[in-house]
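Analysis of the macromolecular model
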Protein chains: 2
Amino acid sequence: MEKYRDLHLKLTPQRLAILRYLEGNTSHPSAEDIYKAVLQQYPTMSFATVYNTLEALKNKGRVQELKIDPNKKRYDPDTRQHHHLICVTCRNIVDIYKDFELTLSEDLTSGFELLGNSVEFYGTCQKCRVGN
Amino acid sequence: MEKYRDLHLKLTPQRLAILRYLEGNTSHPSAEDIYKAVLQQYPTMSFATVYNTLEALKNKGRVQELKIDPNKKRYDPDTRQHHHLICVTCRNIVDIYKDFELTLSEDLTSGFELLGNSVEFYGTCQKCRVGN
DNA sequence: CTATCTGCAAACGTTTTGCATCTGT
DNA sequence: ACAGATGCAAAACGTTTGCAGATAG
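So, here is what we can say about the structure in this document. Note that this is a predicted model, so its numbers are computed, not measured.

1. Details of the overall build of chain A
The helix and strand inventory of chain A stands at four helices and five strands. When its helices and strands are written in sequence order, chain A yields α-α-α-β-β-β-β-β-α. The dimensions of chain A, computed from C-alpha atoms along their principal axes, are 50 × 45 × 25 Å. Contacts spanning at least 24 positions in sequence make up 44% of the contacts within chain A whose residues lie at least 6 apart. For chain A, the exposed area adds up to about 7,500 Å²; of that, 48% sits on carbon and sulfur atoms.

2. Some remarks on the packing of helix α1 (residues 13-22) of chain B against helix α2 (residues 31-39) of chain B
All names here are of chain B. Here α1 crosses α2 at 115°, and the two axes come no closer than 10 Å. Crossing handedness for the pair α1 and α2: right-handed. Here Q14, A17, I18, Y21 and L22 of α1 come into contact with α2, specifically with D33, I34, A37 and V38. Broken down by class, the residue content of the contact of α1 with α2 amounts to seven nonpolar, one polar and one charged.

3. What about the protein's contact with DNA strand C?
Inspection of the region around DNA strand C gives 20 residues, with K10(A), T12(A), T44(A), Y51(B) and K73(B) positioned closest. In DNA strand C, the atoms that sit within 4 Å of the protein are 74% sugar and phosphate, with bases accounting for the remainder. In the environment of DNA strand C, a phosphate oxygen lies 3.1 Å from a nitrogen or oxygen atom belonging to the backbone of L11(B). A distance of 2.7 Å separates a phosphate oxygen of DNA strand C from a polar backbone atom of K73(B). Secondary structure elements with two or more residues in the surface near DNA strand C: α1 (13-22) and α3 (47-59) of chain A together with α2 and α3 (47-59) of chain B. At three residues, the largest contribution of residues to the surface near DNA strand C is made by α3(A). Here the surface near DNA strand C is built from residues that sort into seven nonpolar, seven polar and six charged.

4. Quick notes on the interface of chain B and chain A
In this assembly, 40 residues from chain B lie in contact with 41 residues from chain A. Both sides of the chain B and chain A interface together cover about 3,400 Å² of buried area, and 63% of this is carbon and sulfur. When residues of chain B are sorted by the area they lose upon contact with chain A, K67(B), F112(B) and Y122(B) head the list and together hold 21% of the total. Taken together, the links from chain B to chain A amount to four salt bridges. In this structure, E113(B) engages R129(A) in a salt bridge whose closest nitrogen and oxygen atoms are separated by 3.7 Å. Mapped onto the side of chain B that touches chain A, the elements with two or more residues apiece are β3 (83-87), β4 (93-96), β5 (113-124) and α4 (126-129) of chain B.

5. Remarks on the nonpolar core
Judged by nonpolar contacts, the single largest core of 26 residues is most densely connected at F100(A), L102(A), F100(B) and L102(B). When contributions to this core are tallied by element, the ones reaching two or more residues are β3 (83-87), β4 (93-96) and β5 (113-124) of chain A together with β3, β4 and β5 of chain B. Apart from residues lying up to four places away in sequence, F100(B) is in contact with L102(A), T103(A), L104(A), H83(B), V119(B) and F121(B).

6. A few points about the state of the cysteines
Using the criterion set out here, one finds zero disulfides over all chains in the structure. Here C125(A) stays unpaired: no disulfide links it, and the sulfur of C128(A), its closest cysteine neighbor, is 3.7 Å away. For C125(A), a relative accessible area of 6% translates into the label buried. C90(B) provides the cysteine sulfur closest to C128(B), a residue in no disulfide bond, and the two sulfurs are 3.6 Å apart. Judged by relative accessible area, C128(B) falls into the buried class, the value being 15%.

7. Some details on the relation of the copies chain B and chain A
Aligned on chain A, chain B shows an RMSD of 0.2 Å; the corresponding rotation is 179° and the shift along the axis is 0.0 Å. As the rotation angle and translation indicate, the two copies are arranged about a two-fold axis. In terms of C-alpha distance to the rotation axis, chain B has V119(B) as its closest residue, with the C-alpha 2.2 Å off the axis. An overlap of 100% is found between the interface residues of chain B and their copies at the interface of chain A, pointing to a shared contact surface.

Criteria and thresholds
- Residues numbered from 1 in each chain as written.
- Chains lettered and ligands numbered in written order.
- Predicted model: local features only at pLDDT ≥ 70, side-chain atom pairs only at ≥ 80, totals over all residues.
- Heavy atoms only, no water.
- Helix = DSSP H or I, 4+ residues; strand = E, 2+ residues; numbered from the N terminus.
- Contact = heavy atoms within 4.5 Å.
- Areas by Shrake-Rupley, 256 points an atom, 1.4 Å probe, with all protein chains shown as cover.
- Axes fitted to C-alpha atoms, helices over the stretch in contact; angles between N-to-C directions.
- Left-handed = near helix turned anticlockwise from the far one by under 90°.
- Nonpolar A, V, L, I, M, F, W, Y, C, P; charged D, E, K, R; others polar.
- Near = heavy atom within 4 Å.
- Polar contact = N/O pair within 3.5 Å; in protein donor to acceptor, adjacent residues only side chain to side chain.
- Buried area = accessible area lost by both parts, 1.4 Å probe.
- Salt bridge = Lys/Arg side-chain N within 4 Å of Asp/Glu carboxyl O.
- Core = buried A, V, L, I, M, F, W, Y, C linked by side-chain atoms within 4.5 Å.
- Buried < 20%, exposed > 50% of the residue type's maximum accessible area, 1.4 Å probe, protein only.
- Disulfide = S-S within 2.5 Å.
- Least-squares fit on C-alpha atoms with pLDDT ≥ 70 in both.

Below is the structure:
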């Protein structure tokens, strides 16, 4: 509760539930995952509130929108620069904390001013390899 | 025409138009971009045909689906391993051909069998920096 | 007290589907 | 001839929006 004070957002019960759900969550949940989780506590919870809160948290830099899944957005409460390893079979996502120190020489940047980068590794997780 | 024989797909005029549009195309078009382009030649063209053809080409490994844009899928006829540099302002995408030789030590792979990786660089293109 | 948030329902943009008809091989 | 493609319209899906009523600060 205290630790969310600096968000300068109205801390409604629904928002606190979303914040609690996201805190330390490494499952990279979709809006629906969040909705379903919070719905159990607040049966009137709506998608509007989930998206509204995610938008606010994005703007405050407290959540990152991931483009890892082609079908829906996923959200990551860990906004430190990090990378992802994705199972091509079950779409499970694992965080990778490593600085690859990637650079691009002038002739590759096409005049862009670089701001950052993100690496996705693809593979098959242990569970999905069993039985194949 | 000849060069598409090995796709083992029915080469309908609509498909050939899509293939021609994609050939050497580095604009990473969305389904709508493709639809609009082919529509001029075939006024009865439908999205169903665009998506159907893209699905077939994906399965044949002749086109790659990109998750670069959170709002819609984009397609890339260049299926060689390469990376992308994306303008955060105008969403323009530039190809990066460079092998970064990224590796993950055992303790980071969580038991995954690695298959590949893809790097996205973010930045602002020259055009979008002008006037800011 | 009031700026902001909630929750519903309707709208939106993209992608998928069912199906009758057509066509490449 | 017929497996497979087209094209239309409808539906599905994730996400966004408008708005009336509620509430945190």
